[in-house]
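Examination of the molecular architecture
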Amino acid sequence: MEFRNLGEGFGLEARGIDLAQPIPEEAFRTLWNAFFAAQVLVIRGQKLSATQFLSFARRFGRPEPHVIDQFHHPEHADILILSNRKKDGKPIGLADAGTYFHTDYSYLDVPARCTTLYSVEVPKQGGDTLFANQYAAYDDLPAGFKAELAGLVALHHYGNRDDQDKTSRTVASVLNETQEGKMGWVKHRVARKHPITGRTALYAVSGSSFGIEGMAEDEARALLDELKEHATQEKYRLRLKYGVGDVVIWDNASLLHSATLVDPEDPRTLWRITIKEERGAPS
Ligand SMILES: [Fe+2]
């Protein structure tokens with residue numbers, strides 16, 4: 001196994017791994033440690049069945065199917081199909097998912113530890129994923145600001161704080177009534193201790209955060225917007241381009257990420273598995 005840096009500061013590409021084969025325990029420990037240090041890990045050019053992809057994902061924790069259940073993979077509900085392709089006029093997957101900075105499952109009480117994508121079909125143009133390093137964004141805040149954030153608890157709900165127009169391509173994927181009924185308000189610290197590394201990161205300051213406990217709505221909104229602006233600056237970002245067969249896994253507790261829009265006529269398909277944190281992790 002060999003590693004190569006993807007960007008300055010974070011992101012790693014691992015070579016010499018075939019994910020179609022089981023990874024021996026010791027090699028997996030190396031991969032696990034490298035992943036949590038690098039926050040984004042890419043393994044290029046894999047050829048995987050749905051079952052093989054799921055076996056890899058399960059090494060990182062417990063997957064949980066997405067609330068959008070109409071696009072679950074027919075063999076494994078833990079896999080969500082992301083695609084702009086249509087069959088007989090009907091979409092085969094979720095298109096335009098997460099095209100704004102957010103953290104996966106931050107609208108759930110037990111959020112996502114990591115998300116993994118397997119790239120099945122790559123568009124001619126675009127389709128990159130942007131990541132923003134929330135450890136670095138937190139570390140760079142002045143000490144006085146960090147002290148202000150200590151103990152602040154954000155109120156989260158499914159959705160994109162900056163776009164709630166259901167006809168927009170940058171709204172959070174629209175839920176049906178049953179799915180919406182499953183969503184409630186949850187709380188997570190604004191400056192949150194990473195459950196595995198113990199480092200503090202800004203958490204989901206863009207996306208599902210709509211308010212702050214005990215703070216007036218406009219004041220909370222202004223603070224979250226200020227943090228979002230800071231945390232998504234170019235200097236904290238990494239842009240990932242996909243080739244067919246690429247597998248990426250990212251650390252949701254220390255990153256924000258955003259998909260980029262693709263021409264609806266330019267086919268793109270990915271499989272996605274989301275792995276949960278363990279209940280009782282600090283939030
Ligand atoms: Fe996402």
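Refer to the structure printed above.
A short tour of the structure in this document, coming up. All values reported here derive from a predicted model rather than from experimental measurement.

**With respect to the environment of phenylalanine 3**
Tracing the sequence through the fold places phenylalanine 3 in strand β1 (residues 2–5). According to the relative accessible area criterion, phenylalanine 3 is partly exposed, its value standing at 34%. For the pair phenylalanine 3 and leucine 41, spaced 38 residues apart in the sequence, the C-alpha separation amounts to 9.5 Å. Residues contacting phenylalanine 3, with those up to four places away along its chain left out, are Leu12, Glu13, Ala14, Thr30, Leu31, Ala34 and Leu41.

**Observations concerning the packing of aromatic side chains**
For the coordinates displayed, the defined rule picks out 13 aromatic pairs. One aromatic cluster is present, formed by Phe28, Trp32, Phe35, Phe36, Phe56 and Phe60 through successive ring pairs. Sitting above the plane of the phenylalanine 28 ring, arginine 59 keeps its charged end 4.6 Å from the centroid.

**A closer look at unusual backbone geometry**
The phi dihedral of glutamine 39 falls on the positive side, at around 75°, and the residue is not glycine. Non-glycine residue tyrosine 105 carries a positive phi angle of around 60°. For tyrosine 105, the position within the fold is in the loop between β7 (90–91) and β8 (112–121). Taking relative accessible area as the criterion, tyrosine 105 reaches 2% and is therefore assigned buried.

**Focus on helix α1 (residues 25–38)**
In a regular helix each residue adds 1.5 Å, so 14 residues correspond to 20 Å; α1 covers 20 Å between its end C-alpha atoms and thus fits that length. Considering only its buried residues, α1 is in contact with β1, β2 (12–15), β3 (40–43), α2 (50–58), β8 and β16 (247–251). One or two positions beyond α1, positive phi appears at glutamine 39, with a value near 75°.

**With respect to the layout of surface pockets**
If a probe the size of a water molecule is rolled over the atoms, the empty space left behind becomes visible. Quantified by volume, the largest pocket comes out at close to 480 Å³. For the lining of the largest pocket, the residue count by class is eight nonpolar, seven polar and six charged. Estimates place the volume of the second largest pocket at around 270 Å³. Forming the boundary of the second largest pocket are 15 residues, of which Tyr158, Gly159, Gln164, Lys166 and Glu180 lie nearest the centre. Across the lining of the second largest pocket, the residue classes break down as seven nonpolar, five polar and three charged.

**Brief notes about the side chain of histidine 102**
By secondary structure assignment, the location of histidine 102 is in the loop between β7 and β8. For histidine 102, a relative accessible area of 10% corresponds to the buried category. A polar side-chain atom of histidine 102 sits 2.7 Å from the main-chain carbonyl oxygen of tyrosine 100. Here aspartate 104 takes part through its side chain, which lies 3.1 Å from a polar atom of the side chain of histidine 102. In contact with histidine 102, not counting residues within four places along its chain, are Ser206, Gly207, Leu255, Leu256 and His257.

**Notes on α2**
Where α2 is concerned, the buried positions are Ala50, Phe53, Leu54, Phe56 and Ala57. An end-on view of α2 places all buried positions within 160° of arc, on one side of the element.

Reading guide: rules and limits
- Residues numbered from 1 in each chain as written.
- Predicted model: local features only at pLDDT ≥ 70, side-chain atom pairs only at ≥ 80, totals over all residues.
- Heavy atoms only, no water.
- Helix = DSSP H or I, 4+ residues; strand = E, 2+ residues; numbered from the N terminus.
- Buried < 20%, exposed > 50% of the residue type's maximum accessible area, 1.4 Å probe, protein only.
- Contact = heavy atoms within 4.5 Å.
- Phe/Tyr/Trp six-rings, centres within 6.5 Å; stacked < 30°, edge-to-face > 60°.
- Lys NZ or Arg CZ within 6 Å of the ring centre and 35° of its normal.
- Expected span 1.5 Å × (residues − 1).
- 1 Å grid on protein atoms, 1.4 Å probe; cavity = no way out; pocket = protein on both sides within 12 Å on 5 of 7 lines; lining within 4 Å.
- Points joined across faces, edges and corners; volume = space filled by probe spheres on them.
- Nonpolar A, V, L, I, M, F, W, Y, C, P; charged D, E, K, R; others polar.
- Polar contact = N/O pair within 3.5 Å; in protein donor to acceptor, adjacent residues only side chain to side chain.
- Arc of directions from axis to C-beta.

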